[in-house]
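# Survey of secondary and tertiary structure
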Amino acid sequence: MRITKRRWLILTILVLTSVIVVMAYLFNRKRLCVPSQDLTEIVETGDLVFSAGESIRSDIVRFMNADSECEYSHIGLVIKGESDYKIVHMSSDLGYIVSQSIDDFIETSDSYRLGIYRIERAIDKDQMKVIVKSLLQDNKKFDDAFDINDDSEYYCTEFIYKVFRDLGSEVYHDFKFKEYILPNDIINSVSMHKIVEI
């Protein structure tokens, strides 16, 4: 079938319009800018921090979550540090577990939305700190294979799941997932309430 000049022009216009729409969507997302002091007044050790980022990886996670309304693509765990709160998470960009200030977490996860959730079950926060400190000292690597059965490396949601497993918390039994854990799986299966969404 031969493409006429008219069809070629129409096809070109459609492709360019599609590219413009996609680019407008990607560039019109507003970067999250929240002073960390506002958040440190409301967070506690054990809170879960979900973020929605603008990276290709974030878009892939959202695509995998397509059957839900969950926009989040990354998760971290709030831990009280020596003088302030830190968010501990598995960084796919760096390739290992990191402990960051709230501001640094927002910046490195390229977030445009943030949700902080508190688990409704009692948890041993001191034991949680011990588990997380051990993982940080071991410099746990990021699991690019997303293998939930391999404890040598973790991806972000697997990290949360396995901290609660090692904690021996009842929360561990609440997790519902198939081959891998997505942020949506945690939001929908663990009893928690939203503290704030920005």
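Residues numbered from 1 in each chain as written. Predicted model: local features only at pLDDT ≥ 70, side-chain atom pairs only at ≥ 80, totals over all residues. Heavy atoms only, no water.

## Describing helix H3 (residues 56-64)
- Here H3 has its buried residues at Ser-58, Val-61 and Arg-62. Here the buried residues of H3 occupy an arc of 100° about the axis, which is enough to place them on one side. Turned more than 90 degrees off the buried face of H3, the exposed positions are Ile-56 and Phe-63. (Buried < 20%, exposed > 50% of the residue type's maximum accessible area, 1.4 Å probe, protein only. Helix = DSSP H or I, 4+ residues; strand = E, 2+ residues; numbered from the N terminus. Arc of directions from axis to C-beta.)

## Here's the deal with the packing of aromatic side chains
- For the structure shown, the criterion picks out five aromatic pairs.
- Ring plane angle 85° and centroid distance 5.9 Å describe the contact between Phe-142 and Phe-146, whose orientation is recorded as edge-to-face.
- Look at Phe-142 and you get buried, because its relative accessible area is 9%.
- Seen from their ring centres, Phe-146 and Tyr-155 are 4.9 Å apart, and the 50° between their planes marks the pair as tilted. (Phe/Tyr/Trp six-rings, centres within 6.5 Å; stacked < 30°, edge-to-face > 60°.)

## Side note on the side chain of Ser-101
- Looking at where Ser-101 falls in the secondary structure, it is placed in the loop between strand E4 (96-100) and helix H4 (102-108).
- In this structure the side chain of Ser-101 is engaged in a polar contact, spanning 3.1 Å, whose partner is the backbone nitrogen of Asp-104.
- Setting aside its immediate chain neighbours within four residues, Ser-101 contacts Tyr-85 and Lys-86. (Polar contact = N/O pair within 3.5 Å; in protein donor to acceptor, adjacent residues only side chain to side chain. Contact = heavy atoms within 4.5 Å.)

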